[in-house]
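Here is what each chain is made of, one letter per residue.
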Amino acid sequence: MELNRLEQALHSARALVMADLVAGDVAEAAIVSLVEDAVTHRRWWVEQWPEGVSFVTGLIAQDVQDALLERYGRWPLCPVCTEEGPHALDVEPELGPDPHWVCTKATVSVAPVGALAEVLGR
Ligand SMILES: [Zn+2]
């Protein structure tokens with residue numbers, strides 16, 4: 001695979017996940033470094049499995065989500081279920097192109113990864 005295509009995919013994934021972190025007001029320095037860690041890990045991963053290049057945005061979003069859960073808490077919180085306790089959105093497909101944030105409780109697709117700002121009105 002062309003190196004360019006890999007770097008482009010990683011660059012785009014990083015930008016989209018960062019946009020969602022900014023939308024949720026959690027783009028602190030320590031969290032930005034979690035994104036960098038995820039990008040580094042997925043660069044290695046795509047080098048092992050080039051067919052997965054179009055999956056990196058969804059995977060990096062999930063990596064960051066997992067890393068945040070340990071250090072920060074649930075992210076991103078569902079903007080649909082405001083009546084019940086807060087829960088996190090999930091990425092679908094878990095392993096596929098064109099990832100979206102979905103609410104599995106209300107079974108709605110909330111926004112494409114990278115477009116949370118529009119939903120949150122920021
Ligand atoms: Zn929900």
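Throughout this description, residue numbers start from 1 for each chain and increase along the sequence as written. Totals for whole chains, interfaces and linings use every residue, but because this is a predicted model, local features are given only for residues with pLDDT of at least 70 and side-chain atom pairs only at 80 or more, for both listing and counting. The basis for the side-chain values is all heavy atoms of the structure; hydrogens and waters are excluded.

Notes on the nonpolar core
Then, number 1: Buried Ala, Val, Leu, Ile, Met, Phe, Trp, Tyr and Cys residues form a nonpolar core when they are joined through side-chain atoms within 4.5 Å. Think of it in three bands: residues with accessible area under 20% of the maximum for their type are buried, residues over 50% are exposed, and the middle band is partly exposed, with areas taken using a 1.4 Å probe on protein chains only. In terms of nonpolar packing, the biggest core is built from 37 residues, with Val17, Leu21, Ile60, Val64 and Trp101 touching the most fellow members.
Then, number 2: Each helix is a run of DSSP H or I of at least 4 residues and each strand a run of E of at least 2, with the numbering of both proceeding from the N terminus. When contributions to this core are tallied by element, the ones reaching two or more residues are helix H1 (3–23), helix H2 (29–48), helix H3 (56–71), strand S2 (100–103) and strand S3 (108–112).
Then, number 3: For this core, the leading source of residues is H1, giving 8 residues.
Then, number 4: Contacts between residues were defined by any pair of non-hydrogen atoms, one from each residue, lying within 4.5 Å. Excluding residues within four positions of it along the chain, Val64 makes contact with Val17, Leu21, Leu34, Val35, Ala38 and Trp75.

Quick word on the side chain of Gln65
Then, number 1: Mapped onto the elements, Gln65 comes out in helix H3.
Then, number 2: Look at Gln65 and you get buried, because its relative accessible area is 12%.

A look at unusual backbone geometry
Then, number 1: Cis geometry marks the peptide bond from Trp75 to Pro76; its omega dihedral reads -15°.
Then, number 2: Inspection of the secondary structure assignment puts Pro76 in the loop between H3 and strand S1 (90–92).
Then, number 3: Within the chain, Asp98 stands out as a residue other than glycine whose phi angle is a positive 55°.
Then, number 4: For Asp98, the location among the structural elements is in the loop between S1 and S2.
Then, number 5: You will see that Thr107, though not glycine, has its phi angle at about 45°, which is positive.
Then, number 6: Inspection of the secondary structure puts Thr107 in the loop between S2 and S3.
Then, number 7: Judged by its relative accessible area of 66%, Thr107 is exposed.

Quick word on the environment of Val32
Then, number 1: Relative to the elements of secondary structure, Val32 occurs in helix H2.
Then, number 2: Counting along the chain gives 16 residues from Val32 to Leu16, while the straight-line C-alpha distance between them is 12 Å.
Then, number 3: The contact partners of Val32, leaving out residues within four places of it in the chain, are Arg14, Met18 and Ala27.

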